[in-house]
Amino acid sequence: MTTLTRTRRDTRSRTRRAIAAVAPLALLAFGASPAPAAMIGGASPDATPEVTSLRCPAGTAGDVVQCPRGEVLRLSGENLRDARAVVFLGGKGSRDDRRATPTTSSPHRVLVKVPSGAKSGRVRVISRRAGASAPGPALQILPASRVTPASVGSGAEGIFPVRGKHDFGTEVNGFGGGRGHQGQDILANCGVPIVSALSGEIQHVAFQSAAGNYVVVQADDGTSQAYMHMREPSTWKKGQPVKAGEQLGVVGQTGRASACHLHFEMWTAPGWYLGGEPIDPLPVLKQWDNQAAGS
Ligand SMILES: [Zn+2]
């Protein structure tokens, strides 16, 4: 065998070439099966989208959900991954219809900012492949709010993410402390549980040389929270719904970290690397921390 005399590096690139050569065959075989999409376990991409409920963290819930223009509306339902537009149908006829592009879409959830001209009425989703959903639940549009509750997340509903003894360190641990520090460090012992501060959906799970093991949650209001340096890779998967208080992992010091701590980031809607931007999470962290201490 000639490979015996090759370096390890050569062998590796050979293996990669071999995989590349096999992959198209595998795809062909898969494409020939009768219902590949169904086999994956999800609905077919051609299935008609359906909107079953609406939620607007910045508005109020009731028989009819209310949402101010400019705020993030969450549509829940089926077959929503392929959504390319949300149509706010307003009153009768199409003249007052307003379209908006979703900031996020996953099989059961679409987030969209209520466009400025939207009128109260039903809401439907247009899927790239399967066309329009039936008109969904009614939405009452409110004038744009002057305050921006979405910018710091649903503070009141949040839970402090570290379930143990902790502190916020010094200036270098704060937002903007040190070069490009985009979050707040929460110093705690390795092994202390980390929970999701807000309810939402797992947006990202990965390992990165600086962040270590990390998870990003996109909350229902479109903001994102990142949890970094976790001791082990999280068992959560992208797209899974997560409730505030559910455990994401434990404090560690993976990646670029000199001590056990949680590096916590808070991004404005529409979220982490989806057009949002990082903000100082310390005020809202302190609010949650005080709530925990007072309860
Ligand atoms: Zn940090």
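A short tour of the structure in this document, coming up. (Residues numbered from 1 in each chain as written. Predicted model: local features only at pLDDT ≥ 70, side-chain atom pairs only at ≥ 80, totals over all residues. Heavy atoms only, no water.)

## Topic: the overall build of the protein chain
The helix and strand tally for the protein chain stands at three helices and 20 strands. When burial is assessed residue by residue, the protein chain has 42% of its 295 residues classed as buried. Taking all contacts inside the protein chain whose residues are at least 6 apart in sequence as the whole, residues at least 24 apart take part in 64%. Surface summary for the protein chain: the accessible area is close to 15,700 Å², and the carbon and sulfur share equals 55%. (Helix = DSSP H or I, 4+ residues; strand = E, 2+ residues; numbered from the N terminus. Buried < 20%, exposed > 50% of the residue type's maximum accessible area, 1.4 Å probe, protein only. Contact = heavy atoms within 4.5 Å. Areas by Shrake-Rupley, 256 points an atom, 1.4 Å probe, with all protein chains shown as cover.)

## Here we look at the packing of aromatic side chains
Enumeration according to the criterion identifies seven aromatic pairs in this entry. When the ring of tyrosine 227 is compared with that of phenylalanine 264, the centres are 5.3 Å apart and the planes differ by 70°; the resulting orientation is edge-to-face. On the criterion of sequence distance, the pair formed by tyrosine 227 in strand β16 (residues 224-230) and phenylalanine 264 in strand β19 (residues 261-267) is long-range, its members being 37 residues apart. Each member of the pair, tyrosine 227 as well as phenylalanine 264, carries the same accessibility label: buried. Looking at phenylalanine 264, the relative accessible area reads 0%, which means it is buried. Through a chain of ring-to-ring contacts, three or more aromatic side chains come together here, namely Tyr214, Trp267, Trp272 and Tyr273. (Phe/Tyr/Trp six-rings, centres within 6.5 Å; stacked < 30°, edge-to-face > 60°.)

## Quick notes on the side chain of arginine 74
The residue arginine 74 is located in strand β3 (residues 72-78) in this model. Within polar-contact distance, the side chain of arginine 74 engages the side chain of aspartate 220 at 2.9 Å. Setting aside its immediate chain neighbours within four residues, arginine 74 contacts Ser53, Leu54, Arg55, Arg109, Val110, Leu111 and Asp220. (Polar contact = N/O pair within 3.5 Å; in protein donor to acceptor, adjacent residues only side chain to side chain.)

## A closer look at the coordination of the zinc ion
Looking at the zinc ion, the protein donor atoms are His181 (NE2), Asp185 (OD) and His263 (ND1), and they sit 2.0 to 2.1 Å from it. Along the chain, the residues donating to the zinc ion fall in the pattern H-x3-D-x77-H. Placement of the pair is aspartate 185 in strand β12 (residues 184-188) and histidine 263 in strand β19, with a sequence separation of 78 residues. Look at histidine 263 and you get buried, because its relative accessible area is 7%. (Donors = N, O, S within 2.8 Å, 3.2 Å for Na, K, Ca; no water.)

## Describing unusual backbone geometry
In the segment running from alanine 269 into proline 270, the intervening peptide bond is cis, with an omega of 5°. With respect to the secondary-structure elements, proline 270 resides in the loop between β19 and β20 (278-279). Located in the positive-phi region is asparagine 79, a residue other than glycine, with phi close to 55°. Turning to its location among the elements, asparagine 79 is positioned in the loop between β3 and β4 (83-88). The phi dihedral of tyrosine 273 is positive, around 55°, even though this residue is not glycine.

## Looking at the nonpolar core
Judged by nonpolar contacts, the single largest core of 28 residues is most densely connected at Ile186, Tyr227, Leu248, Phe264 and Trp288. Looking at this core, the elements with two or more residues in it are β12, β15 (212-219), β16, β19 and α3 (282-294). If sequence neighbours within four positions are ignored, leucine 248 has contacts with Ile194, Val195, Ser196, Ile202, Val215, Val217, Tyr227, Met230, Ser234, Trp236 and Val242. In this structure, Leu54, Leu75, Ala83 and Ala100 belong to the second largest nonpolar core, which totals 20 residues. (Core = buried A, V, L, I, M, F, W, Y, C linked by side-chain atoms within 4.5 Å.)

## Some remarks on the state of the cysteines
Under the defined criterion, the tally for this structure stands at two disulfides. Paired by a disulfide, cysteine 56 and cysteine 67 hold their sulfur atoms 2.2 Å apart. Given an S-S torsion of about 65°, the disulfide between cysteine 56 and cysteine 67 has right-handed geometry. Of this pair, cysteine 56 sits in the loop between β1 (50-55) and β2 (65-68) while cysteine 67 sits in strand β2; the two residues are 11 residues apart in sequence, bridging distant segments of the chain. Note that cysteine 190 is cross-linked by a disulfide to cysteine 260, the S-S spacing being 1.9 Å. (Disulfide = S-S within 2.5 Å.)

## Describing the environment of valine 215
Inspection of the secondary structure assignment puts valine 215 in strand β15. Along the backbone, valine 215 and glycine 249 are 34 residues apart, and their C-alpha atoms lie at a distance of 8.9 Å.

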